[in-house]
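# Inside the fold
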Amino acid sequence: MLNIVLIEPEIPNNTGNIGRLALASGSTLHLVKPFGFELSDKRLKRAGLDYWKHLNVVMYESKEDFFEINKNEKFAFFSSHGTKSHWDIPFEDNQFLIFGKESVGLDKNIIETHSDSLYKIPLYSEHIRSLNLANAVSIVIYEGLRQLQ
């Protein structure tokens, strides 16, 4: 099992799709407030379809709460500022895979504090800055599952 962590997600459709992915992959979804939407948002439910009720979701009031509660866990952080590829992650069971919000990614403090466990998904075009969050999470989760098999 892996843990998907969304820090301050902004787009309900992405969070709904990632919730569906978490359920399909046997992962737990961790949502860190504040959110850019209400959990009752129809778009969140529509993207997650009727699977949302089966999903294991853990919510936190803040980044500080998340890091305090999970301080002894193994983390991997994802950012376009990473220098190591997601293929180089030494995946472990119960690892926490941490993604930032859609508009700006992870904040500078998190990137600097956790630079030794900061990864990126390679992009092969100079015309793109980043991938859609739900797509990025999918790429990482299934690479992790592949390596853990």
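Each remark here, short or long, concerns the structure printed above.
The sections below set out a description of the structure shown in this document. Just so it is clear, the structure is predicted and the values come from calculations on it, not from any experiment.

Now for the environment of Leu148. Residue placement: Leu148 occurs in helix 5 (residues 133–148). Here Leu148 falls in the partly exposed class, since its relative accessible area comes to 31%. Spatially, the C-alpha atom of Leu148 lies 9.9 Å from that of Leu2, the residues being 146 residues apart in sequence. Leave out the neighbours within four places in its chain, and Leu148 touches Leu2, Phe91, Glu92 and Asp93.

Moving on: helix 1 (residues 12–25). The terminal C-alpha atoms of helix 1, which comprises 14 residues, lie 20 Å apart, in line with the 20 Å expected from a rise of 1.5 Å per residue. When we look at burial in helix 1, the residues that qualify are Pro12, Asn14, Thr15, Gly16, Ile18, Gly19, Leu21, Ala22 and Ser25. Taken from the residues just after helix 1, Gly26 is the one with a positive phi, measuring 75°.

This part is about the packing of aromatic side chains. Throughout the structure, instances matching the rule amount to ten aromatic pairs. Aromatic pair Phe66 and Phe67: ring centres 5.0 Å apart, planes at 75°, arrangement edge-to-face. The pair Phe66 / Phe67 is uniform in exposure class, with both members buried. Through pairs of rings, three or more aromatic residues link up here, namely Tyr60, Phe66, Phe67, Phe75, Phe77 and Phe96.

Procedures and definitions
Residues numbered from 1 in each chain as written. Predicted model: local features only at pLDDT ≥ 70, side-chain atom pairs only at ≥ 80, totals over all residues. Heavy atoms only, no water. Helix = DSSP H or I, 4+ residues; strand = E, 2+ residues; numbered from the N terminus. Buried < 20%, exposed > 50% of the residue type's maximum accessible area, 1.4 Å probe, protein only. Contact = heavy atoms within 4.5 Å. Expected span 1.5 Å × (residues − 1). Phe/Tyr/Trp six-rings, centres within 6.5 Å; stacked < 30°, edge-to-face > 60°.

Just distances and angles here, no functional claims.
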